[in-house]
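# Notes for the structure review
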Amino acid sequence: MVGHARFVWNKALRLNLDRLEQGLPIVWYDDLCGLLRLWKQSEEYGFLAEANAQSLQQKLRDLDRAFTDAFDSAQPMKRLPRFKKRGVGGSFRLPQDVKVENRRVFLPKIGWVGFFKSREVPGTIKNATVTREANGWYVSIQTEAEIPEPNLHIGPAIGVDRGVAVFAATSDGELVDPVNSYAKSMERLARLQRKLARQRKGSRNRAKTRARIARLHQSIRRQRADFLHKVSTRWSKSHALIVLEDLRIGNMTRSARGTVESPGSRIAQKSGLNRAILDQGWDELGRMLGYKLRERGGHRLLVPPQQSSQECSECGHVAPENRTSRDVFRCVACGHTEHADVNAAKVILARGTAARAA
Ligand SMILES: [Zn+2]
């Protein structure tokens, strides 16, 4: 099922990339489903009929979404979808007829499968996604349930500045270290990848190294998720209003804060910064804060990011000269001096408070 889903994704992606190259419009979901029906009837791709039909359609839906996101100017960080590789990884989603009974799950076309039930499944099952990870198969189940309105969250407000050197700074003065689990594991990863490159293709040792790399990637992902959950849970419990910068608006050259640079280096920095952002999961943190606050009756508020790093949180004076170095903010008008990211977090909080009062 995973292989067939990947095949359908790659085939439809290839078709659309070729069309883009020829200046033709993309083929969207409904027409892709029509093509899928033709493929299944053909001799060459008839094997696709072995898989659950809906799981293949869901892959096409995902592809449709990926193209929509890539062309959405409000999501500057999204890129064109990429081909899925064989090997470890891969997933498929079953949009109906999934059942859970004690410690087994019913997956259409596969049947009842025993599983380790990590938690109760409340509400009505909407769909299930089966994922292949480095150490086995996982199923995640989406459900729907009525949740009572939470009581109003009574707590203070904070602004959070999401940075590069410091992962996040709050208007309370808290500095959260960058997620360096990735950096720490990078060295190990690089070593394993060099080893892999030396090993003979198709050898058993190469397969072992590949499996170790996949497990390392999995562990990095989990450490990062764990870190983001801890920070977002703590803040959403202690604060009723959390103000963040709206990163969709752009302002991606923030590493250039207070420094002079050539246009050439800006491009290099931008790609480096994009990577850093993805590594550290800012989007993910914002998303987690959003739903965790909502569950607790609090609010997440996004404000425009423009010049938050050059504005004085005490007197409001805006000047690039306020930023004397990467870490230090010193207002040329009033002399206010503070950690640059904490000052920015205070500016963000003030913008949020002003927006709510308006
Ligand atoms: Zn000032």
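An account of the accompanying structure is given in this report.

### Points about the overall build of the chain
The secondary structure content of the chain amounts to 8 helices and 13 strands. Scored against the burial criterion, the 358 residues of the chain give a buried share of 39%. Taking contacts inside the chain between residues at least 6 apart in sequence as the whole, the part at least 24 apart equals 63%. Of the roughly 20,700 Å² of accessible surface on the chain, 50% is carried by carbon and sulfur atoms.

### With respect to a positive patch on the surface
On the surface, a cluster of positive charge is made up of Arg 188, Arg 191, Arg 194, Arg 198, Arg 212 and Arg 215. Within the residue set of the positive patch, elements represented by two or more residues are helix 4 (181–198) and helix 5 (204–238). Broken down by element, the residue count for the positive patch peaks at 4 residues, all from helix 4. Inspection of the secondary structure assignment puts Arg 194 in helix 4.

### Things to note about the layout of surface pockets
Considered as a void within the structure, the second largest pocket measures approximately 1,400 Å³ in volume. Forming the boundary of the second largest pocket are 31 residues, of which Ser 118, Arg 119, Val 139, Ser 140 and Ile 141 lie nearest the centre. Residue contributions to the lining of the second largest pocket peak at 8 residues, all from strand 6 (residues 136–144). Both domain 2 (91–144) and domain 3 (157–181 + 233–357) contribute no fewer than three residues apiece to the lining of the second largest pocket.

### Focus: helix 2 (residues 29–41)
The α-helix winds at 3.6 residues per turn, so residues separated by three or four positions along the chain end up facing the same way. Under the 1.5 Å per step criterion, the end-to-end length of helix 2 is 19 Å for 13 residues, consistent within 8% with the ideal 18 Å. Looking only at helix 2, the buried set comprises Tyr 29, Leu 32, Cys 33, Leu 36 and Trp 39. The buried side chains of helix 2 occupy one side of the element, clustering within an arc of 115° when seen end-on. Summarising the geometry of helix 2, the exposed residues directed more than 90 degrees from the buried face are Asp 30, Asp 31, Leu 38 and Gln 41. Packing partners of the buried residues in helix 2 comprise helix 1 (2–21) and helix 3 (53–70).

### Let's talk about the sheet that holds strand 6
Overall, antiparallel pairing links the 3 strands, which are arranged 1-5-6 in an open sheet. What marks the edges here is a single partner per strand, and that holds for strand 1 (91–94) and strand 6. Strand-to-strand twist in this sheet, taken as the mean axis angle between neighbours without regard to direction, amounts to 15°. Set on the sheet, helix 1 makes contact with strand 1, strand 5 (124–133) and strand 6; between it and strand 1 the angle comes to about 95°.

### Points about the environment of Leu 94
Residue position: Leu 94 is located in strand 1. Considering only alpha carbons, one finds Leu 94 and Thr 129, 35 residues apart in sequence, at a separation of 6.3 Å. The residues touching Leu 94, leaving out its near neighbours within four places in the chain, are Met 1, Asn 52, Ser 55, Leu 107, Pro 108, Asn 127 and Ala 128.

### Side note on the pairing of strand 6
Pairing analysis gives 9 bridges linking strand 5 to strand 6, with the strands arranged antiparallel. Across the sheet, residue Thr 131 finds its bridge partner in strand 6, namely Tyr 138. The hairpin turn running from strand 5 into strand 6, its antiparallel successor, is 2 residues long.

### Looking at the coordination of the zinc ion
Every protein donor of the zinc ion is listed here as Cys 312 (SG), Cys 315 (SG), Cys 331 (SG) and Cys 334 (SG), and their distances to the metal cover 2.2 to 2.3 Å. Note that the zinc ion binds 4 donor atoms; their angles at the metal cover 107 to 113°, and the shape is tetrahedral. We note that the donor set of the zinc ion lies within a single chain, spaced as C-x2-C-x15-C-x2-C. In this pair, Cys 312 is assigned in the loop between strand 11 (299–303) and strand 12 (328–330) and Cys 334 in the loop between strand 12 and strand 13 (337–339), connecting sequence segments 22 residues apart.

### Some points on the pattern of salt bridges
Counted under the stated rule, the structure contains 12 salt bridges. Across the salt bridge formed by Asp 226 and Lys 230, the nearest N and O atoms sit 3.0 Å from each other. You can see Asp 226 and its partner Lys 230 sitting in helix 5, 4 residues apart, about one turn around the helix. According to the relative accessible area criterion, Lys 230 is exposed, its value standing at 55%. Residues Arg 351 and Glu 311 are paired through a salt bridge, measuring 2.8 Å at the closest nitrogen-oxygen approach. Of the two residues, Arg 351 is situated in helix 8 (residues 340–357) and Glu 311 in the loop between strand 11 and strand 12; the sequence distance between them amounts to 40 residues. Comparing Arg 351 with Glu 311 shows no difference in burial state: the two are buried.

### Notes on the packing of aromatic side chains
Scanning the entire structure with this criterion turns up 5 aromatic pairs. A ring pair is formed by Phe 7 and Tyr 45, whose centres lie 5.5 Å apart and whose planes are at 50°; its orientation type is tilted. Here Phe 7 is found in helix 1, whereas its partner Tyr 45 is found in the loop between helix 2 and helix 3, with 38 residues between them in sequence. You can call Phe 7 partly exposed: its relative accessible area is 27%. Arranged with centres 6.1 Å apart and planes meeting at 25°, the rings of Phe 67 and Phe 71 form a pair that is stacked. Under the relative-accessibility criterion, Phe 71 is labelled partly exposed at 46%. A connected cluster of aromatic rings, assembled from ring pairs, spans Phe 7, Tyr 45 and Phe 47. Above the face of the Tyr 29 ring, Arg 61 is positioned so that its terminal group lies 4.2 Å from the ring centre. Sitting over the face of the ring of Trp 112, Arg 104 holds its NZ or CZ atom 4.0 Å from the ring centroid.

Here is what the cut-offs are and how they apply
Residues numbered from 1 in each chain as written. Predicted model: local features only at pLDDT ≥ 70, side-chain atom pairs only at ≥ 80, totals over all residues. Heavy atoms only, no water. Helix = DSSP H or I, 4+ residues; strand = E, 2+ residues; numbered from the N terminus. Buried < 20%, exposed > 50% of the residue type's maximum accessible area, 1.4 Å probe, protein only. Contact = heavy atoms within 4.5 Å. Areas by Shrake-Rupley, 256 points an atom, 1.4 Å probe, with all protein chains shown as cover. Patch = residues over 30% accessible without salt bridge, like charges linked within 9 Å, V, L, I, M, F, W, Y side chains within 5 Å. Salt bridge = Lys/Arg side-chain N within 4 Å of Asp/Glu carboxyl O. Lys, Arg positive; Asp, Glu negative; His and termini not counted. Charge placed at Lys NZ, Arg CZ, Asp CG, Glu CD. 1 Å grid on protein atoms, 1.4 Å probe; cavity = no way out; pocket = protein on both sides within 12 Å on 5 of 7 lines; lining within 4 Å. Points joined across faces, edges and corners; volume = space filled by probe spheres on them. Domains from an automatic or database assignment. Expected span 1.5 Å × (residues − 1). Arc of directions from axis to C-beta. Pairing = 2+ DSSP bridges. Axes fitted to C-alpha atoms, helices over the stretch in contact; angles between N-to-C directions. Donors = N, O, S within 2.8 Å, 3.2 Å for Na, K, Ca; no water. Tetrahedral: all angles 85-135°; square planar, octahedral: opposite > 155°, others 65-115°. Phe/Tyr/Trp six-rings, centres within 6.5 Å; stacked < 30°, edge-to-face > 60°. Lys NZ or Arg CZ within 6 Å of the ring centre and 35° of its normal.

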